[in-house]
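Chain residues, written in single-letter form:
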Amino acid sequence: MQVAEHDTALEAAKDLGAFLERRREQIAQRWADAALFRTVFTVSRDEAVEACKAVVDALADVARSGRLEDVAAPGFDTVRDQLGRMSTSRAQAGFGSVHIDGEVVGLREPVTAMLRAESADATDQDVHARTLALTILMGTLRLVVMDTTVHAGQELIARQRQQLLEVATPVIKLWEGIVAVPLIGTLDSARSQIVMESLLEAIVDQRASYAILDITGVPTVDSLVAQHLMKTVAAARLMGADCIVSGIRPAIAQTIVHLGIDLGSILTRATLADALAHALGRQDAVAPARPVAAGASPR
């Protein structure tokens, strides 16, 4: 009995594949007006039709293989490429996964109507088997699109987080040959890597001899934060720049002592101004002389 049901399901899947191939043009024309395609391909409807044809061809390949429930079926690679990009575009436009899922569900209705119309002379059993095969195929399509949408959303969040980290760790040129990074908030491993990369790039771009890491805005310093600071200082030295850590408050100084953290190899100053004054002094920088008024004798 199970063998017979399997053979019936496989035959229905192959019939569905043949149907999708025959009705490729009509389905593509109907889908091109669907929200999922219409709002993405706004320049040319022909472009939307071609994208729809590619999806129909992919679904036909999946149906002919009989792997209607297999999200790993080769035909779904094209679906991931086409509908995945479109669902990502919809997500970036502010539409949630539930809305996108509803748009994918909407693709089934016109195909079901065409399938029933073409199967008017078929037996009820054949119509039921083909409709069931289409329902399963479109259900798997939903899973593929949702998986792609979620993955794309995670990538978008990761990129945005990276951008926020870069914005939150600006490198400022204080003087010729002197750059500074004012750190505010928690300094974790990911952010520390951004700090190091940004600082090293600035040292090269500005040809800086001194780099100041100001931690006035860092709430706490533990052994992990101290390790990050020492690694950044060491990397700056390898690039030919001396590094100064400023903004160590009394409470943080006590914490560092209690933790037994050795910052003896790192030059520190109480404030950013002190660190800048030290760097300027080491560079033999001289403030510009005040202009002398006409008729006055210089002091």
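Predicted model only: the values in this text are computed from it and were never measured.

### Comments concerning the overall build of the protein chain
At step 1: The number of helices and strands found in the protein chain is twelve helices and five strands.
At step 2: Within the protein chain, contacts between residues at least 6 apart in sequence are counted, and of these 72% link residues at least 24 apart.
At step 3: If you sum the accessible surface of the protein chain, you get close to 16700 Å²; carbon and sulfur atoms cover 55% of it.

### Examining the sheet that holds strand 3 (residues 210–217)
At step 1: Taken in spatial order, the five strands make up an open sheet running 1-2-3-4-5, and their pairing is mixed. In this open sheet, the two strands that pair with only one neighbour each are strand 1 (172–175) and strand 5 (267–269). Each strand axis lies, on average, 30 degrees off the axis of its neighbour in the sheet, ignoring direction.
At step 2: Sitting on the sheet, helix 9 (residues 189–206) touches strand 1, strand 2 (178–184) and strand 3, and the angle it makes with strand 2 is about 165 degrees.
At step 3: Sheet strands in contact with helix 10 (residues 223–238) are strand 3 and strand 4 (242–246), and its direction is about 165 degrees off that of strand 3.

### Some thoughts on the environment of Ala48
At step 1: Among the secondary structure elements, Ala48 is positioned in helix 4 (residues 45–65).
At step 2: In this structure Ala48 comes out as buried when scored by relative accessible area, which is 1%.
At step 3: In this structure the C-alpha to C-alpha distance between Ala48 and Phe37, which are eleven residues apart in sequence, comes to 6.1 Å.

### Some points on the environment of Thr8
At step 1: With respect to the element layout, Thr8 can be found in helix 1 (residues 2–22).
At step 2: Judged by relative accessible area, Thr8 falls into the partly exposed class, the value being 35%.
At step 3: On a C-alpha basis, the gap between Thr8 and Ala129 in space is 7.5 Å, while along the polypeptide they are 121 residues apart.

### Some details on the packing of helix 2 (residues 24–31) against helix 7 (residues 108–118)
At step 1: Contact geometry of helix 2 with helix 7 gives a least axis separation of 9 Å together with a crossing angle of 150 degrees. Regarding helix 2 and helix 7, the two cross each other, and that crossing is right-handed. Between helix 2, through Gln26, Ile27, Arg30 and Trp31, and helix 7, the contact on the second element is made entirely by Pro110, Val111 and Met114.
At step 2: Among the residues making up the contact of helix 2 with helix 7, the classes are represented as five nonpolar, one polar and one charged.

### A few points about the nonpolar core
Nonpolar side chains in soluble globular proteins tend to be buried together.
At step 1: Ranked by size, the top nonpolar core spans 44 residues in total, and within it Leu20, Trp31, Phe37 and Leu59 carry the most contacts.
At step 2: Among the elements of the structure, helix 1, helix 2, helix 3 (35–38), helix 4, helix 5 (76–92), helix 6 (97–105), helix 7 and helix 8 (124–168) are those that each provide at least two residues to this core.
At step 3: Per-element tally for this core: the top contributor is helix 4, with eleven residues.

The rules behind these values
Residues numbered from 1 in each chain as written. Predicted model: local features only at pLDDT ≥ 70, side-chain atom pairs only at ≥ 80, totals over all residues. Heavy atoms only, no water. Helix = DSSP H or I, 4+ residues; strand = E, 2+ residues; numbered from the N terminus. Contact = heavy atoms within 4.5 Å. Areas by Shrake-Rupley, 256 points an atom, 1.4 Å probe, with all protein chains shown as cover. Pairing = 2+ DSSP bridges. Axes fitted to C-alpha atoms, helices over the stretch in contact; angles between N-to-C directions. Buried < 20%, exposed > 50% of the residue type's maximum accessible area, 1.4 Å probe, protein only. Left-handed = near helix turned anticlockwise from the far one by under 90°. Nonpolar A, V, L, I, M, F, W, Y, C, P; charged D, E, K, R; others polar. Core = buried A, V, L, I, M, F, W, Y, C linked by side-chain atoms within 4.5 Å.

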